[in-house]
Amino acid sequence: MRSKDRPRYVLTVDHLRGLFDELSDQGYEQVGPIFRDGAIMLEKINSFDELTLGYLEQQDKGSYNLDQHPDAGYFQYSVGPQSFKKFLNPPRRKLWEANGSSSNFEITVPERPAKMVFWGVRNCDIEAIRILDKVFLEGAYVNDWYQAAKEDLLIIAVGCTHPSKNCFCTSFDSGPMPYEGYDLSLVEVKDGAGHHFIADGKSDLIKHWLNDTEAQLASKDDLEIASRTIEEAIDNMPIRLNPKEASELLKTNLEHSHWEQVASRCLSCANCTLVCPTCFCSTTEDITDISGDHTERWLTWDSCFVGDFSYIHGGQIRPSTRSRYRQWMTHKLSNWYDQFGSSGCVGCGRCITWCPVGIDITEELAAINDNPVGPAKDKKSRGNEKHKGST
Amino acid sequence: MNGSPWNPVLYKVSSKSIENADLLTFELDPVGDEAIDPIAPGQFNMLYAFGIGEIPISVSSILPSYPTLVHTIQDVGRVSKSLIQLPVGDIIGVRGPFGPEWPVAQVKSKDVLLIAGGVGLCPLRPVIEYILDHREQFGEVNVLFGTRHPDNIIYHRDIISWQSDPSINFQITVDHAFPSWRGNVGVVTHLIDKAKFYPENTISFLCGPEVMMRFGIYACLDAGISEDMVYLSMERNMKCAIGLCGHCQVGPYFTCKDGAVFPYTMMKPYLNISEL
């Protein structure tokens, strides 16, 4: 059934509480936004009432603030520093362990991830998961953990009604309203008249549950209010970049002087890559216990801003911040198309909010766009370079 | 093992031979029934030293006795040092084979120009072996090898046999030499004058330090070899070798899966951009 032909329901908080409990009974681990350390974080939760309630946020370049507000609902903010990638491709996970010594060892592989439910997934994060699917599932080799985590994943999406100042999902094809890639999607409506959710159930499990709730069908008025809140969200997000043009622009501006200018501000701290919902770079760590006969191989998130990321014997390929920022931005906005057929950016704005010096990727792009140098010169005139030796 | 590309297959060190002060060649045989797929010239494996780590190493010879693997390892870091210190009988984890091949088996009746710098000779040795085994498929065959010093020369026995083989033109040069050295001194690109080939019918493979390859490519192009007949082998940091860790990117390419062997036409826009 096509999305627009499906019936929409009006769900109450109690309905969702019931769904939570039912999914717990079915053995799902549940993950959702909670308030912790002054931010809205994504954590495993054991009860529906652990979800954030009553917070509004303010984001700006390099700044993030939450305010409690009696009228605010569960999902009336945009995105916090974390994304759901931390559950699909964990920051640290054991690849395998080996016991023995170099003269004889055996390898054992840990268990698969549990089946999970994600609560409150914005369309930018759904888009990010779709992009990670291309990276981890559609190439010659598969990230087996990610694949297993995705198999039984249930996504409860929310229409994003309160985008932040740093959001620019409308610059991509996505926008704030989920249109696919979810099991249940909710638009939260909280006003003087009450607090409810306009719901669209997509997967069979959810459709059956919706049926059993005997929830009311949404009226024309309900639907209109829901779509108006989304339209307002869209109106609040100016278009900040043209992804296709950006991709072409960056290809021919690898030697632009602006990279140096960004580097004078960038701390090479890697925050942008950690908060980015699509950044997938990782490294491996080998950890051996003191006896020397037990060793573990771990996969951990890594970042192209980290010094030894590009290290090969003799030195780093990218020792300068200029080259690291260029790598990050050209990967996100340009090379990603060549590699995976889509943008690597979804316009969630996290990298802008969580940059300690407030670097805004869209502004840096605009600066290059305002003054492009054009195609890189073919340096076949190799006057500046001296051939020192053959090895 | 268990279907995951992250899990190595265990191989035993069955022999070791010393190439020079910090280079060793290993022969590896599977410990159990499981072996990796047959490897081809230009491909590489990830080699794991117990408790230390894993590094990408090209195949340096292809023996008819599959599944025996041959890898030449240079002592340049923590993992490579651990690997070369392993005694015969110890175990190395192997994942692979990865990356495209040198397109040597696809070449028919072309002249061949191989340019190697230092340990860049290792990934090209299987190409030379293939050519000698299928000599009738090729026209003139030239191997130009440059290394730092006569002490850095590797594969002595092979080199002696290649030098005395009239069917290939093997040339060697060093950057610096001791007084008794009677051979060439200078950069490897100078040897191109001693190579015999018809440029319009020549395929060239280069492997060595990036700066050497860059000038080697210019020398090939200046000699009239067409751009799309030039191939090179890139080196980057690799953690996964399966296109998932992001470390080995050069522009839009992943060195592990799009390379390490690249047609020059793919690398051309990126070779001259520093710190890419």
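Residues numbered from 1 in each chain as written. Chains lettered and ligands numbered in written order. Predicted model: local features only at pLDDT ≥ 70, side-chain atom pairs only at ≥ 80, totals over all residues. Heavy atoms only, no water.

### Points about the overall build of chain B
(1) Moving on: A count of helices and strands for chain B gives five helices and 15 strands.
(2) Moving on: The globule rule puts the C-alpha radius of gyration for 276 residues at 19 Å, and the 18 Å found for chain B is close to it.
(3) Moving on: Structurally, chain B occupies a C-alpha span of about 50 × 45 × 35 Å along its principal axes.
(4) Moving on: The buried share of chain B, taken over its 276 residues, is 62%.
(5) Moving on: The contacts of chain B with a sequence gap of at least 6 include a subset with a gap of at least 24, amounting to 70%.
(6) Moving on: On chain B, roughly 10100 Å² of surface is accessible, and the fraction owed to carbon and sulfur atoms is 51%.
(7) Moving on: Mean positive and mean negative side-chain charge positions of chain B (19 and 29 charges, respectively) differ by 4 Å. (Helix = DSSP H or I, 4+ residues; strand = E, 2+ residues; numbered from the N terminus. Rg over C-alpha atoms; globule rule 2.2 N^0.38 Å. Buried < 20%, exposed > 50% of the residue type's maximum accessible area, 1.4 Å probe, protein only. Contact = heavy atoms within 4.5 Å. Areas by Shrake-Rupley, 256 points an atom, 1.4 Å probe, with all protein chains shown as cover. Lys, Arg positive; Asp, Glu negative; His and termini not counted. Charge placed at Lys NZ, Arg CZ, Asp CG, Glu CD.)

### Some points on the pairing of strand E8 (residues 138-147) of chain B
Residues and elements named next belong to chain B.
(1) Moving on: Within E8, eight of the ten residues are buried, which leaves it mostly tucked inside the rest of the structure.
(2) Moving on: Direction of pairing for strand E7 (residues 110-117) relative to E8: parallel, over a ladder of seven bridges. Residue pairing in the sheet places Gly 117 in a bridge with Gly 146 of E8.
(3) Moving on: The parallel pair E7 and E8 is bridged by helix H2 (residues 121-133), and the resulting crossover is right-handed.
(4) Moving on: Sheet topology note: the E8/strand E9 (residues 169-174) ladder contains six bridges and is parallel. Pairing of Gly 146 across the sheet is with Thr 173, part of E9. (Pairing = 2+ DSSP bridges. Right-handed = clockwise from strand over helix to strand, strands pointing away.)

### Some thoughts on the interface of chain B and chain A
(1) Moving on: Contacts between the two partners involve 61 residues from chain B, matched on the other side by 61 residues from chain A.
(2) Moving on: Buried surface at the junction of chain B and chain A, both sides included, amounts to about 5300 Å², of which 57% is carbon and sulfur.
(3) Moving on: Summed over the shared surface of chain B and chain A, the result is one salt bridge.
(4) Moving on: For Arg297(A), the salt bridge is made with Glu54(B), and the minimal N-O distance between the two is 2.9 Å. (Buried area = accessible area lost by both parts, 1.4 Å probe. Salt bridge = Lys/Arg side-chain N within 4 Å of Asp/Glu carboxyl O.)

### Thoughts on the domain arrangement of chain A
All names here are of chain A.
(1) Moving on: When the domains of chain A are assigned, the result is domain 1 (3-235) and domain 2 (243-370).
(2) Moving on: Centre-to-centre, using C-alpha coordinates, domain 1 lies 25 Å away from domain 2.
(3) Moving on: Opposite the 41 residues of domain 1 that make contact, domain 2 presents 41 residues.
(4) Moving on: Taken together, the two surfaces of domain 1 and domain 2 that pack against each other cover about 3600 Å², and 61% of this comes from carbon and sulfur.
(5) Moving on: If you sort the residues of domain 1 by the area they bury against domain 2, Lys 85, Arg 92 and Phe 172 come out on top, with a joint share of 17%.
(6) Moving on: Inspection of the region where domain 1 meets domain 2 yields four salt bridges.
(7) Moving on: Here Lys 94 ties to Glu 296 by a salt bridge, and the two come within 3.5 Å at their closest N and O atoms.
(8) Moving on: Across the contact surface, domain 1 and domain 2 share 24 residue pairs in polar contact (both at pLDDT 80 or more).
(9) Moving on: If you list the elements that add at least two residues to the side of domain 1 that touches domain 2, you get strand E4 (55-60), strand E5 (63-68), helix H2 (85-88), strand E6 (92-101) and helix H3 (123-136).
(10) Moving on: Tallied by class, the residues present in the side of domain 1 that touches domain 2 amount to 18 nonpolar, twelve polar and eleven charged. (Domains from an automatic or database assignment. Polar contact = N/O pair within 3.5 Å; in protein donor to acceptor, adjacent residues only side chain to side chain. Nonpolar A, V, L, I, M, F, W, Y, C, P; charged D, E, K, R; others polar.)

### Observations regarding the packing of helix H10 (residues 321-340) of chain A against helix H12 (residues 361-370) of chain A
All names here are of chain A.
(1) Moving on: Relative orientation of the contacting elements H10 and H12 amounts to 95°, with a least axis distance of 12 Å. Classified by the angle their axes make, H10 and H12 are roughly perpendicular. Contacts between H10 and H12 pair Tyr 325, Trp 328, Met 329 and Leu 333 from the former with Ile 361, Glu 364 and Leu 365 from the latter.
(2) Moving on: Across the contact of H10 with H12, the residue classes tally to six nonpolar, no polar and one charged. (Axes fitted to C-alpha atoms, helices over the stretch in contact; angles between N-to-C directions. Parallel < 35°, antiparallel > 145°, perpendicular 65-115°, else oblique.)

### Brief notes about the packing of aromatic side chains
(1) Moving on: Per the stated rule, a full pass over the model turns up 34 aromatic pairs over all chains.
(2) Moving on: Geometrically, the ring pair formed by Trp96(A) and Tyr48(B) is edge-to-face, given 5.0 Å between the ring centres and 85° between the ring planes. Placement of Trp96(A) in strand E6 and of Tyr48(B) in strand E3 (residues 44-49) is noted, with the two residues assigned to different chains. The pair Trp96(A) / Tyr48(B) is uniform in exposure class, with both members buried.
(3) Moving on: Centroid distance Trp259(A) to Tyr325(A): 6.3 Å. Interplanar angle 45°. Geometry classified as tilted. On the criterion of sequence distance, the pair formed by Trp259(A) in helix H8 (residues 258-263) and Tyr325(A) in helix H10 is long-range, its members being 66 residues apart. Accessibility classification places Trp259(A) together with Tyr325(A) in one group, the buried group.
(4) Moving on: Members of the aromatic cluster, connected to one another through ring pairs, are Phe20(A), Phe48(A), Tyr74(A), Phe75(A), Trp119(A) and Phe197(A).
(5) Moving on: A cation over an aromatic ring shows up here: Arg92(A) above the ring of Trp298(A), its NZ or CZ 4.5 Å from the ring centre. (Phe/Tyr/Trp six-rings, centres within 6.5 Å; stacked < 30°, edge-to-face > 60°. Lys NZ or Arg CZ within 6 Å of the ring centre and 35° of its normal.)

### Topic: the side chain of Thr330(A)
Residues and elements named next belong to chain A.
(1) Moving on: Considering the arrangement of structural elements, one finds Thr 330 in helix H10.
(2) Moving on: At 2.5 Å, the side chain of Thr 330 and the backbone oxygen of Arg 326 are in polar contact.
(3) Moving on: Side-chain polar atoms of Thr 330 contact the backbone oxygen of Gln 327, separated by 3.4 Å.

### Some details on H3(A)
Residue and element names in this part refer to chain A.
(1) Moving on: In a regular helix each residue adds 1.5 Å, so 14 residues correspond to 20 Å; H3 covers 19 Å between its end C-alpha atoms and thus fits that length.
(2) Moving on: Counting buried residues in H3 gives twelve out of 14 residues, a clear majority hidden from the surface.
(3) Moving on: Here the buried face of H3 lies against H2, strand E8 (116-121), helix H4 (144-151), strand E9 (154-158), H10 and helix H11 (350-353). (Expected span 1.5 Å × (residues − 1).)

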